Amino acid sequence: MKATTLAFYGCALGLLGLGLRELLLGFEENRCSMTYMFEYPEYRRVQLPRRVARLYPAYGLYLYGEGVYAQETRGLKLSGAPVLFLPGNAGSYKQARSLGSVALRKAEGLEGGIHFNVFTIDFNEELVALYGGSLLRQTRFLHESIKAILRLYKEHPDPPTSVVLVGHSMGGVVARALFTLPRFNSRLVSLIITQASPHQAPVLPLDPYLLEFYSAVRQRWITGAQDLRNVTVLSVGGGYRDYQVRSGLAALRCPLADPNKLSLVVTAVPRTWVSTDHLSIVWCKELVLATVRAFFDLIEPETGQFTDDTEKRISVLNYHFIRHPVQVLGEKPEPIVTFTAPTEAWSEVNTLRLFHSAPKEPQEKYFLFALSSRRKAYSHFHCRSSNLEMTSWLYGCTEMNGSMCLQAVDLSWGTELLSPYKVLTVRVNELFSVSHLVVAASNPSGNQFVMECEWQREESQTIPVAVPHVLSFGLTVSDVTINSSGLLHTVQLQHFHQVYQAFRITVVSQCKVSKDRLPSVYRLKAPWFREDSFTTASIPSVTEISGMLHTSRLDNTSSALLLLHTAPNCQYKVSVRTSFPKVLGQVLRFCGPVLPVYMAVTLLLSLGVQLGSIGRTGRPVGMGEAMSRALQPHALELPVYLLHLLLRQSWFEEVWVSLGLPAVDGLPLMAVENTVQNATVPSEDWPRLLGPVLGLLGATVAFWGSTVMRLGLRLFSLFLAPLHRPSVSRDCGTLLLRTQVFLILALGTLGGVTCGALSVTTAFLLHFYRVLRLQMTERSLRHVLNLAPLKVSPETENGYGVGGCQSQPKECNGSPLLTQSALQEVRDDLQLHLSLSALLTLPMMLCAPSLIHWSRNLRYSVPLDPDPCWPHTLPLLSATVLLINCNTDTLHHSKVLRLTCRLLLPLCIAMVTFSSLHLYRVTHFLSVALGFLAISCSL
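Cut-offs and rules
Residues numbered from 1 in each chain as written. Predicted model: local features only at pLDDT ≥ 70, side-chain atom pairs only at ≥ 80, totals over all residues. Heavy atoms only, no water. Axes fitted to C-alpha atoms, helices over the stretch in contact; angles between N-to-C directions. Helix = DSSP H or I, 4+ residues; strand = E, 2+ residues; numbered from the N terminus. Parallel < 35°, antiparallel > 145°, perpendicular 65-115°, else oblique. Left-handed = near helix turned anticlockwise from the far one by under 90°. Contact = heavy atoms within 4.5 Å. Nonpolar A, V, L, I, M, F, W, Y, C, P; charged D, E, K, R; others polar. Disulfide = S-S within 2.5 Å. Buried < 20%, exposed > 50% of the residue type's maximum accessible area, 1.4 Å probe, protein only. Phe/Tyr/Trp six-rings, centres within 6.5 Å; stacked < 30°, edge-to-face > 60°. Lys NZ or Arg CZ within 6 Å of the ring centre and 35° of its normal. Pairing = 2+ DSSP bridges. Salt bridge = Lys/Arg side-chain N within 4 Å of Asp/Glu carboxyl O.

Enquirer: So, the packing of helix H13 (residues 595–617) against helix H22 (residues 820–856): which residues are in play, and what are the values?
Expert: As a packed pair, H13 and H22 sit with axes 10 Å apart at the nearest point and diverge in direction by 160°. One way to sum up the angle between H13 and H22 is to call them roughly antiparallel. Crossing handedness for the pair H13 and H22: left-handed. Seen from H13, the contacting residues are Pro596, Met599, Ala600, Leu603, Leu604, Leu607, Gln610, Leu611 and Ile614; seen from H22, they are Gln831, Leu832, Ser835, Leu836, Ala838, Leu839 and Leu842. Its residues assigned to classes, the contact of H13 with H22 comprises 13 nonpolar, 3 polar and no charged.

Have a look at this one:
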């Protein structure tokens, strides 16, 4: 292997490692608080009807309980409000303990005996994110479980009519799939809360059943949106810590006019403000508390059950998950507020800014701001206070008496809660009937707090900054210095609206006068999606913010914003530069699932290089050299790009559809959904550079993966060598023709009776055994020739195998097989079969989830139903068995080898075109290529 090849792929591996490090480690530490059980958790199984138990033997329904509550519910005589938790991919039903325990603790001591009955479903920890064959089965069992839960309340005076669903990961997708069932009564579920659920698309589309399931769910919720308007759905994404399900996938595909469907990222949830990984989103105390608080506020006191009022549900969810106004939920603002404070409690502020620090002693204090002289000069009035008590604090005075306000309207419901303080901004032009603004600064309990208010001009508070180009590699810096004379500044990050952009934003704060100040809060906001992230910093400080997006704004009508809640009379310098590691991390976060396609392309093209060498010289080149020659991004990306350009033309698209051709896949990072046939086309032209980048990363994984496989094979062959008789023939490990026929029939029968993935794995192992035997033979020949080097004539050295030795018996010294040419033949066959083995690894890995699912459910059912690998893998099985006997001499004299070599590049182009969003198609393309290669070995 050439040093230049190693150096090239070493550098590429460094880039891949840089991106993986940013993807897996380039985020804040886990700031979630753990939820603990105060008593030992118990899971009481709920008996289901015999018909249901017989149809779904692997599943179960449980009631969560602790301590006294668990004993009281032993007989399943329930009186609370039912909540059902749905685990996700490989999830355990015991994950409901965080939600159940917190709900039990908060219910203690509440008046009226309001509490919840938390149920959970055991889905046998199935890999439904990778194998879609059981998704419909889980959905049907969920329907039966809901009906069973509601039957438990038949003796209750006010029985519930619906169940609230909390779904984690794929559990949230299954919850929404309920409404696709033909006999499902949509009134049985009125509220669904999903956590890190990939609603947009499956993370890894490894089989067609996954995509069919998603298509049915999407179609139901879009076309039947009018019927589902009374169903409230809240989807919460985990943020950047969740690298398994990116938060963009958690966005709901529902009409924008439907207010009952809410999507957000957990970093934007008030009183949470943390990012969670894929598992911690279930037990993160901050998020669990927000969920449980919302549940209690959704209970009707009269019945003890969840409300049927859709507007109330939305109001409560907005209060706890969208915008917390630091007011008591349910308290309606008084239309008219009357003040009775004495004259000395009132102070009129004539300056542009107010700073007030409440003393330790209780006092009643109000500040008046006249609007008459400020309406034309200022657009906003902004206040913040570190007093987080749930009280009103800003009013609009409608009736004055001298320097006192007699009557006012409450403006406090526009308050927003930040981590260190609450803030409120009102528009001056909306206060028509108000003469003064009243700020309440009373502290009747003697609590100390700081309050700051100011008049603002919107144009002077907004600073546009053009972000550097994504290809600037951090060499270009966009910065702005803000001499803060106010409390709030907005930095408009122009042209920052795509997910492949990533920046390192540095905010340096410093003040001339050192004194105690409220901390600064930096908020990165995407106006088109609730994915806000907050950073709290002291003053002075140097703060670094990761500027990345979970979703794109494809129409380029708005850009991301950086809101700076600053300290007055301080200086803030904001610097924005492209972060190349973060860009790589974003590429892997969005396009990482596409890498198997480019790995397959690299391995297939490198095999084509070896086959071309065999056709010309009779010998294959090494895998390293073959991969370096196969890396030709222009040969792949140019046809794909031209096809995407043609699909933008209406006439070509019509012809494409009329021919019944499948939809063209696009990269998830830059694809825009097309209305026709759900095809995808690039949103911009220059991001087609992503194709070559992914090709390089896929080739890197293929190169180093095959290198590790070769090293592992050599080590493994050392352990197996004592178990085999030494061989010096290139035919070691080959099979008789009748044996091959028997194996093809046996593997076909095995796949049909049990699991297609089992047959694929068995065929791979049979071929791998052939590679092991070649590796052991190569070592035996090399050792023998090193111990007893043979003197052979040039004719013998140039001969082929046994025939060469038989034609020159004297030069072979009585050992016709032990020649340098025999060693070379074995090495050539080994190079060929190493490439084949690396290529066969991909279908085996893509089929592995269905094999794991089958093995886990073997005690319930022997055949896998449905089986995504059967019967589509029959050509692959046949080709794998036939290729066991393949050697370079046969290929060199093959009549169809040239045709096979020419076919590989079109197959790779088709693979890139049609497999990016349908990974299971990779196996189909590889089956075609290996089938032609098997024919080449026979003709």
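Next comes the rest of the account.
Enquirer: Could you give me a rundown of the state of the cysteines, with the residues and numbers involved?
Expert: Applying the stated rule across the entire model yields 5 disulfides. The disulfide partner of Cys511 is Cys570, and the gap between their sulfur atoms is 1.9 Å. An S-S torsion of about 100° defines the bridge between Cys511 and Cys570 as right-handed. Of the two residues, Cys511 sits in strand S25 (residues 503–511) while Cys570 sits in strand S30 (residues 570–578), which places them 59 residues apart along the sequence. Judged by relative accessible area, which is 23%, Cys511 ranks as partly exposed.

Enquirer: Just give me the short version of the packing of helix H14 (residues 623–630) against helix H17 (residues 690–720), but keep the residues and values in it.
Expert: The interhelical angle for the contact between H14 and H17, taken along N-to-C directions, is 170°, at an axis separation of 11 Å. Relative to H17, the element H14 is oriented roughly antiparallel. Here Met623, Gly624 and Met627 of H14 come into contact with H17, specifically with Ala702, Phe703, Ser706 and Arg710. For the contact of H14 with H17, the residue count by class is 4 nonpolar, 2 polar and 1 charged.

Enquirer: So, the packing of aromatic side chains: which residues are in play, and what are the values?
Expert: The way to describe two aromatic rings as a pair is by their centre distance and the angle between their planes. Counted by the stated rule, this structure contains 32 aromatic pairs. Cluster of aromatic residues (ring-pair linked, three or more members): Phe8, Tyr9, Phe703 and Trp704. Its guanidinium or amino end placed over the ring of Trp221, Arg176 lies 4.8 Å from that ring's centre, counting from NZ or CZ. Over the aromatic face of Tyr421 sits the side chain of Arg384, whose NZ or CZ is 5.0 Å from the ring centroid.

Enquirer: Any details on the sheet that holds strand S21 (residues 450–456)? Residues and values, ideally.
Expert: Ordered by their spatial adjacency, 5 strands build an open sheet running S13-S21-S15-S19-S18, and the pairing between neighbours is antiparallel. Here the strands that pair on one side only, and so sit at the sheet edges, are strand S13 (353–357) and strand S18 (416–417). Pairing geometry for strand S15 (residues 380–385) and S21, over 6 bridges, is antiparallel. The partner of Ser385 across the bridge, within S21, is Met451.

Enquirer: Now, about the pattern of salt bridges: what can you tell me, with residues and values included?
Expert: For side chains bearing opposite charge, pairing can occur when the charged atoms are close. In this structure the tally under the stated criterion is 20 salt bridges. Taking the shortest distance from any N to any O, the salt bridge between Glu300 and Lys312 comes out at 3.8 Å. With a gap of 12 residues between them, Glu300 in strand S9 (residues 299–300) and Lys312 in helix H10 (residues 310–322) connect regions that are remote in the sequence. Glu452 serves as the salt-bridge partner of Arg384, at 2.9 Å between the closest nitrogen and oxygen. Here Glu452 lies in strand S21 and Arg384 lies in strand S15, a separation of 68 residues in the sequence. Connected through shared salt-bridge partners, Arg323, Glu416, Arg523, Lys525 and Asp532 make up one network.

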